[in-house]
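The primary structure of each chain is shown beneath.
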Amino acid sequence: MTTALITGASSGIGNVYARRLAARGYDLVLVARATDRLNSLADDLRETHGVKIEVITADLTDANQMQTVGQRLRAEPPIDLLINNAGAGLAGGLAHADPQALEHLLRLNSLVPTLLTAAVLPGMIERGHGSIINVASVLALLPEYSPGIYAATKSYVLTMTQSLHAEVGARGVYVQAVLPAATRTEIYDRMGGDISKVPDVMEVDDLVDAALIGFDRRELVTIPPVPHHGDWEAFEQARMVLAHGFSNAQPAERYRK
Ligand code: NAP
């Protein structure tokens, strides 16, 4: 049997991942703070799909509660798929941000996926297989559209995924960064926003179904709304052209006096 652990499974994108994976026959470990919502989802999925579901109530920004999740990631039955999905936004720019709110966002969006990945990886490498899905955002590539540090937290998730692929891709561990654009979930309400003012909002079922097609194709980066995968490849090629210039012991001519 294959077991997936999903953070932020109580609503939005995580909730749909749970439904889709249960339909594919995965046993699940559901993680979030809202115990009632997790239990009700678990009952529904057990009854509909006959899969095993564990529920872990945890505020992932709390180091002790994180330990419980870390322990489960190292325990049996092994976790074959980790979905680092829990995340939040933060309204407003950096200039007037509350330092505690900044720290909270950095923890939830960047530190938590890092530590959970580090907890699950050794077992996956030892077994020679496993998958990790990291939910980032298109804002990782478009930070000018997002004041404050949200885009930077998601750019971290994308970069971590790319580094991880280089580190463990050849050792049987598949990693995928999913970059949603605007998707209809509770994230806007939670940060005091108004989704009705956001253009081109994707339905959450469509987003996850597309992301899972990218998963089945073993894409490293999946951006569901982008019409042509070639656009991403062209972006990567341009990055590699730039990178050719990094191998110089001397500053470029234009920076010499
Ligand atoms: P959502 O409906 O608000 O879901 C967020 C999930 O994270 C909930 O299950 C929430 O559960 C959980 N969570 C939040 N804080 C937590 C904490 N401290 N500890 C544990 N769990 C916590 O939003 P969503 O859109 O599905 O977000 C999922 C991911 O997609 C996030 O990483 C987000 O950045 C990313 N994303 C979303 C969009 C979009 O437009 N919706 C676009 C790009 C990327 P509890 O409240 O029960 O803890």
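Heads up: the structure comes first, above all this text.
Parameters at a glance
Residues numbered from 1 in each chain as written. Predicted model: local features only at pLDDT ≥ 70, side-chain atom pairs only at ≥ 80, totals over all residues. Heavy atoms only, no water. 1 Å grid on protein atoms, 1.4 Å probe; cavity = no way out; pocket = protein on both sides within 12 Å on 5 of 7 lines; lining within 4 Å. Points joined across faces, edges and corners; volume = space filled by probe spheres on them. Helix = DSSP H or I, 4+ residues; strand = E, 2+ residues; numbered from the N terminus. Nonpolar A, V, L, I, M, F, W, Y, C, P; charged D, E, K, R; others polar. Phe/Tyr/Trp six-rings, centres within 6.5 Å; stacked < 30°, edge-to-face > 60°. Buried < 20%, exposed > 50% of the residue type's maximum accessible area, 1.4 Å probe, protein only. Lys NZ or Arg CZ within 6 Å of the ring centre and 35° of its normal. Near = heavy atom within 4 Å. Polar contact = N/O pair within 3.5 Å; in protein donor to acceptor, adjacent residues only side chain to side chain. Areas by Shrake-Rupley, 256 points an atom, 1.4 Å probe, with all protein chains shown as cover. Salt bridge = Lys/Arg side-chain N within 4 Å of Asp/Glu carboxyl O. Core = buried A, V, L, I, M, F, W, Y, C linked by side-chain atoms within 4.5 Å. Pairing = 2+ DSSP bridges. Right-handed = clockwise from strand over helix to strand, strands pointing away.

### Here we look at the layout of surface pockets
By volume, the second largest pocket amounts to about 210 Å³. Going through the elements one at a time, helix H7 (204–216), strand E7 (221–222) and helix H8 (229–244) are the ones with two or more residues in the lining of the second largest pocket. By residue number, the principal contributor to the lining of the second largest pocket is H7, which donates three residues. Looking at side-chain class alone, the lining of the second largest pocket contains eight nonpolar, four polar and two charged residues.

### Re the packing of aromatic side chains
In this structure the tally under the stated criterion is two aromatic pairs. Between Tyr174 and Phe215 the ring centres are 5.5 Å apart and the planes differ by 55°, which places this aromatic pair in the tilted class. On the criterion of sequence distance, the pair formed by Tyr174 in strand E6 (residues 173–178) and Phe215 in helix H7 is long-range, its members being 41 residues apart. Assessed through its relative accessible area of 3%, Phe215 is described here as buried. In this arrangement the basic side chain of Arg218 is found over the ring face of Phe215, its NZ or CZ atom lying 4.8 Å from the centre.

### Regarding the site of the ligand
Neighbouring residues of the ligand: 31 residues in total, closest Ser10, Arg33, Tyr150, Thr185 and Arg190. Arg190 is positioned with one of its side-chain polar atoms (N or O) 2.7 Å from an oxygen atom of the ligand. Protein contacts shield 97% of the accessible area of the ligand, which totals 880 Å² for the unbound molecule. Considering each element in turn, the shell around the ligand owes the most residues, three residues, to helix H6 (residues 187–190). Counted by class, the shell around the ligand contains 16 nonpolar, 10 polar and five charged residues.

### So, the pattern of salt bridges
A complete count under the given rule lists 13 salt bridges for this structure. In this structure, the salt-bridge partner of Glu54 is Arg72, at a minimum N-O distance of 2.8 Å. With a gap of 18 residues between them, Glu54 in strand E3 (residues 53–57) and Arg72 in helix H3 (residues 63–74) connect regions that are remote in the sequence. With relative accessibility at 32%, the residue Glu54 sits in the partly exposed group. Connected through shared salt-bridge partners, Arg20, Asp205 and Asp209 make up one network.

### Topic: the nonpolar core
Core analysis: the largest hydrophobic core is formed by 31 residues, its most contacted members being Ile6, Tyr17, Leu21, Leu28, Leu30, Leu81 and Val208. Val29, Ala86, Leu164 and Val168 belong to the second largest nonpolar core, which has 24 residues in total.

### Concerning the pairing of strand E2 (residues 27–32)
The element E2 is extensively covered by neighbouring structure, given that six of its six residues are classed as buried. Along E2, one buried face is formed by Asp27, Val29 and Val31 and the opposite face, lined by Leu28, Leu30 and Ala32, is buried too. The pairing of strand E1 (residues 3–7) with E2 spans five bridges and is parallel. Its bridge partner lying in E2, Ala4 is registered against Leu28. As a crossover connection, the stretch from E1 through helix H1 (residues 12–23) into E2 is right-handed. In this sheet, E3 lies alongside E2 in parallel orientation, the contact comprising five bridges. Bridging across to E3, Val29 finds its partner in Glu54.

### Remarks on empty space enclosed by the protein
Going through the model one piece at a time under the given rule, you end up with one cavity of 30 Å³ or more. Taken together, Asn84, Asn85, Ala86, Asn109, Pro113, Asn134, Val135, Lys154 and Val157 form the lining of the largest cavity. Of all elements in the fold, only helix H4 (99–127), strand E5 (130–135) and helix H5 (150–168) reach the threshold of two or more residues within the lining of the largest cavity.

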